[in-house]
Amino acid sequence: MNFTSLFAMRCRPLLPMAWIAAGAGLTLLSVAAQAADTSAAQQLERWSAQAGAAGRADRGHVFFSGRHGGEWSCTSCHGNSPTTPGKHASTGKAIDPMAPAANPKAFTDTAKVDKWFRRNCNDVLKRECSAGEKADVLAYLISLKP
Ligand code: HEC
């Protein structure tokens, strides 16, 4: 038996392992890509386009701080200054700052943005937020400096 065939024999069982490892690497990569598939600027563009008008920071500020007939406002959990961490109104758990200037991860995951807009708007307004309201909130949060 020469060296090459010995090598081939001993390495063959390892090949599938290499493929599995490569596959796992690719899966991790695509998960990472999904977790950061958007940006605050893209979300502002997305909601402005759907609303047919650019989001306005001043309106977003009023919307974010206001109680809409219920017990809570957005600031009840996200705080009056979204450049600092918030605190959940009922669980007391810390919430990362909402302003992209203070939190590079804010608004970088479309699924997360959609999930929390749906849930939080229902909690505060008893309905979904409109595209225009979301554009205003984004314009407001993007306008904040740390
Ligand atoms: C009862 C508490 C609570 C209230 C009130 C609340 N939120 Fe939230 N919000 C949360 C929590 C908790 C998260 C998830 C934080 C995390 O996992 O980083 C969150 C996350 C979000 C996100 C996702 C941010 C991102 O980076 O993707 C958006 C958007 C959001 N909230 C919008 C709002 C708006 C708009 C209002 C007011 C209409 C509001 N929230 C009111 C608790 C609240």
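What counts as what
- Residues numbered from 1 in each chain as written.
- Predicted model: local features only at pLDDT ≥ 70, side-chain atom pairs only at ≥ 80, totals over all residues.
- Helix = DSSP H or I, 4+ residues; strand = E, 2+ residues; numbered from the N terminus.
- Buried ≥ 20, exposed ≤ 12 C-beta atoms within 10 Å, placed from the backbone.
- Contact = placed C-beta atoms within 7 Å.
- Near = placed C-beta within 6 Å.
- Nonpolar A, V, L, I, M, F, W, Y, C, P; charged D, E, K, R; others polar.
- Expected span 1.5 Å × (residues − 1).
- Arc of directions from axis to C-beta.

(A) View of the overall build of the chain. A count of helical and extended segments in the chain gives seven helices and two strands. For the chain, buried positions account for 25% of its 146 residues. Considering only residue pairs separated by 6 or more positions, the chain has 58% of its internal contacts joining residues 24 or more positions apart.

(B) The site of the ligand, seen in detail. Surrounding the ligand, one finds 21 residues, the nearest of these being Cys-74, Cys-77, Trp-116, Asn-120 and Val-124. Residue assignment for the shell around the ligand shows that the elements contributing at least two residues are α5 (75-78) and α6 (110-125). The greatest single-element share of the shell around the ligand, amounting to eight residues, is contributed by α6. Looking at the shell around the ligand, its residues break down into 13 nonpolar, four polar and four charged.

(C) Geometry of the environment of Ala-106. Looking at the element boundaries, Ala-106 is found in the loop between β2 (94-95) and α6. For Ala-106, a count of 21 C-beta atoms within 10 Å corresponds to the buried category. Through-space distance from the C-alpha of Ala-106 to that of Ala-36 is 9.8 Å; in sequence the pair is 70 residues apart. Those residues in contact with Ala-106 that sit more than four places away from it in its chain are Ala-40, Pro-97, Met-98, Ala-99 and Pro-100.

(D) Representation of α6 in the model. With 16 residues, α6 extends 21 Å from end C-alpha to end C-alpha; this agrees with the ideal 22 Å at 1.5 Å per step. Within α6, the full set of buried residues consists of Val-113, Val-124 and Leu-125. End-on view of α6: buried residues confined to an arc of 65°, all on one side of the axis. Seen from the buried face of α6, the exposed residues on the opposite side, beyond 90 degrees, are Ala-111, Asp-114, Lys-115, Arg-118, Arg-119 and Asn-122. In the core, the buried residues of α6 are packed alongside α3 (40-51). Immediately downstream of α6, the backbone of Lys-126 shows phi near 60°, a positive value.

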